[in-house]
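Fold and contact review
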Amino acid sequence: DLIPHLSSCKSPMSMSSAIIKTYFAQRVGIDASNIVVTSMMPCTLKKQEAKRPQLLDEFATDHVLTTKEIGQLFRAKGIRWEDLDGTGPEAQFSSLSGAGSGAGALFGVTGGVMEAAIRS
């Protein structure tokens, strides 16, 4: 009974990858085939999502690292999160569109995807 009411949207991770490989690639003049998208996610299931045959296309997320793996990598490389103040090399990657609606902050809470859609 509920199937007709399910959202057909991809997850925020998958939607972000598609935007990066289309809009962003065009905006900065990069051939999308030269872009590799690595997502940093708290949920280990995102690794499985990125490998789902239904989602494997030219817009797919290429790699997923969990936040735990990022923490381990930072410690191994001596990177301190608090030192990433947005003025170093990471600054060039800080903005995809130059603006934000704030709706992305809602995605992680119950009902957040619907609320973000309504507000946007």
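Presented here is an overview of the structure given in this document. (Residues numbered from 1 in each chain as written. Predicted model: local features only at pLDDT ≥ 70, side-chain atom pairs only at ≥ 80, totals over all residues. Heavy atoms only, no water.)

**Let's talk about the overall build of the protein**
- Per the secondary structure count, the protein includes four helices and two strands.
- With 120 residues in all, the protein has 21% of them scored as buried.
- Of the contacts made within the protein by residues no fewer than 6 positions apart, 60% connect residues no fewer than 24 positions apart.
- With an accessible surface of roughly 9200 Å², the protein has 59% of that area assigned to carbon and sulfur atoms. (Helix = DSSP H or I, 4+ residues; strand = E, 2+ residues; numbered from the N terminus. Buried < 20%, exposed > 50% of the residue type's maximum accessible area, 1.4 Å probe, protein only. Contact = heavy atoms within 4.5 Å. Areas by Shrake-Rupley, 256 points an atom, 1.4 Å probe, with all protein chains shown as cover.)

**A short note on the pairing of strand β1 (residues 38-41)**
- Where burial is concerned, the two faces of β1 differ: the one with Ser39 and Met41 is buried and the one with Thr38 and Met40 is not.
- Looking at chain direction, β1 and strand β2 (residues 63-66) are connected through four bridges and run parallel. When the sheet's bridge partners are listed, Ser39 is paired in β2 with Val64. (Pairing = 2+ DSSP bridges.)

**Quick look at the pattern of salt bridges**
- Evaluation of the coordinates by the stated rule reveals six salt bridges.
- Between Glu49 and Lys46 there is a salt bridge, with its nearest N and O atoms 2.9 Å apart. Highlighted residues: Glu49 and Lys46, both in helix α2 (residues 45-51), separated by three residues, approximately one helical turn. Taken as a pair, Glu49 and Lys46 share a single burial class, namely buried.
- In this structure, Arg80 and Glu82 form a salt bridge, with 3.1 Å as the shortest nitrogen-oxygen distance.
- Accessibility expressed as a relative area gives 46% for Arg80, which makes it partly exposed.
- Its relative accessible area of 54% is what places Glu82 among the exposed residues.
- One network of salt bridges, in which partners are shared, links Arg80, Glu82 and Asp83. (Salt bridge = Lys/Arg side-chain N within 4 Å of Asp/Glu carboxyl O.)

**Description of a nonpolar patch on the surface**
- Taken together, the side chains of Met40, Ile79, Trp81 and Leu84 present a nonpolar region at the surface, about 390 Å² in accessible area.
- Mapped onto the fold, Ile79 is located in the loop between α3 (67-77) and α4 (112-119).
- The partly exposed category is assigned to Ile79, whose relative accessible area is 37%. (Patch = residues over 30% accessible without salt bridge, like charges linked within 9 Å, V, L, I, M, F, W, Y side chains within 5 Å.)

**Brief notes about the pairing of β2**
- Side chains Val64 and Thr66 of β2 all project onto a buried face; the interleaved residues His63 and Leu65 project onto a face where none is buried.
- In terms of handedness, the path from β1 via α2 over to β2 forms a crossover that is right-handed. (Right-handed = clockwise from strand over helix to strand, strands pointing away.)

**Some points on the environment of Val37**
- Among the structural elements, Val37 can be located in the loop between α1 (12-28) and β1.
- Taking the relative accessible area as the measure of exposure, Val37 reaches 6% and is therefore buried.
- Setting aside its immediate chain neighbours within four residues, Val37 contacts Ser17, Ile20, Lys21, Thr61, Asp62 and His63.

**Here's the deal with the side chain of Glu49**
- On the accessibility criterion, Glu49 (12% relative accessible area) is buried.
- Contacts of Glu49, omitting those with residues within four sequence positions, involve Ser11, Met13, Ser14 and Leu55.

Read these as spatial facts, not as claims about activity.
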